[in-house]
Amino acid sequence: MRVVVCVLWATLALAGCASRSVEVDTAGFETRLSAVAGVNGALVEVRHPGLPTNTNVAIWLFLESADVESVATIARKVADVARDDDGVRGRQVNLSVVKGKRADFPTRQEVVRSTVPVMHRVAEALGLPESAGQKLVLTPEEIARLADSEG
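Residues numbered from 1 in each chain as written. Predicted model: local features only at pLDDT ≥ 70, side-chain atom pairs only at ≥ 80, totals over all residues. Heavy atoms only, no water.

Peer 1: Which parts of the structure should I look at to understand the sheet that holds strand E3 (residues 92–99)?
Peer 2: The strands that make up a sheet pair up through hydrogen bonds in the backbone, lying either parallel or antiparallel. Judged by pairing direction, the sheet is mixed, and its four strands sit side by side in the order E1-E2-E3-E4 without closing on themselves. The open sheet has two free edges, formed respectively by strand E1 (39–47) and strand E4 (136–138), since each of these has just one partner strand. Each strand axis lies, on average, 20 degrees off the axis of its neighbour in the sheet, ignoring direction. Judged from the eight bridges that link them, strand E2 (residues 56–63) and E3 form a sheet pairing that is parallel. Paired with Trp 60 across the strands is Ser 96, a residue of E3. Contacting E3 and E4, helix H5 (residues 119–126) runs over the sheet at an angle of about 45 degrees to E4. (Pairing = 2+ DSSP bridges. Helix = DSSP H or I, 4+ residues; strand = E, 2+ residues; numbered from the N terminus. Axes fitted to C-alpha atoms, helices over the stretch in contact; angles between N-to-C directions. Contact = heavy atoms within 4.5 Å.)

Written out as structure tokens, the structure is:
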């Protein structure tokens with residue numbers, strides 16, 4: 001009887017996780033991000049750190065200007081897009097920037113290698129906790145706050 005109860009509990013728990021998870025449409029989200037003024041393209045990856053049920057979204061934005069003020073302004077606009085996206089809403093977002101156009105960086109390795117180390121100053125400008133290296137780690141609450149400041 002215990003085995004049956006455990007199996008039923010596990011099945012219900014997994015079903016609950018599956019019903020709450022919405023797939024991130026990376027291509028569609030990249031297109032919406034690329035439409036933001038000042039953005040020359042985007043690369044989006046879905047990551048599952050630690051467990052398959054942990055989902056966060058990594059974004060590299062390609063920008064003409066990677067100065068602190070420009071990146072902070074674009075981060076607010078990206079937060080607005082992320083908050084409105086069914087697959088991204090409620091997830092952690094890791095935001096990085098690359099100076100140039102998406103077409104200039106054909107491989108992921110080139111994108112990562114070309115990331116501009118400006119996020120620690122952008123975090124300060126936005127009133128956020130210290131960034132994690134070359135990326136700005138945004139919780140769902142921080143995304144909502146930035147989106148509200150944009151709107």
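Peer 1: Teacher, can you tell me more about helix H6 (residues 140–150) here?
Peer 2: For the α-helix, the turn length of 3.6 residues means that residues three or four positions removed from each other point alike. Among the residues making up H6, those that are buried are Glu 142, Ile 143, Leu 146 and Ala 147. Projected down its long axis, H6 carries its buried residues within an arc of 135 degrees, all on one side. Projecting away from the buried face of H6 at angles above 90 degrees are the exposed residues Glu 141 and Asp 148. Those residues of H6 hidden inside the fold are in contact with helix H3 (68–84), E3, H5 and E4. (Buried < 20%, exposed > 50% of the residue type's maximum accessible area, 1.4 Å probe, protein only. Arc of directions from axis to C-beta.)

Peer 1: Just checking my understanding: could you explain the environment of Glu 130 for this structure?
Peer 2: The residue Glu 130 is located in the loop between H5 and E4 in this model. What makes Glu 130 exposed here is its relative accessible area of 61%. Separated by eleven residues in the primary sequence, Glu 130 and Met 119 have C-alpha atoms spaced 8.4 Å apart. If we skip the residues at most four places from it in the chain, Glu 130 touches His 120 and Ala 123.

Peer 1: Any chance you could explain the side chain of Asn 56 here in plain terms?
Peer 2: Locating Asn 56 in the fold gives a position in strand E2. The class for Asn 56 is buried, based on a relative accessible area of 9%. Residue contacts for Asn 56: discarding those within four places in its chain leaves Glu 45, Val 46, Arg 47, Pro 49, Gln 92 and Asn 94.

Peer 1: Help me understand the pattern of salt bridges, please; the structure alone is not making it clear to me.
Peer 2: Scanning the entire structure with this criterion turns up seven salt bridges. Arg 47 is paired through a salt bridge with Glu 45; the nearest N and O atoms lie 3.2 Å apart. Residue classification places Arg 47 among the partly exposed positions, given a relative accessible area of 26%. You can call Glu 45 buried: its relative accessible area is 19%. Of the charged contacts in the structure, one is a salt bridge between Arg 83 and Asp 148, with a shortest N-O distance of 2.5 Å. (Salt bridge = Lys/Arg side-chain N within 4 Å of Asp/Glu carboxyl O.)

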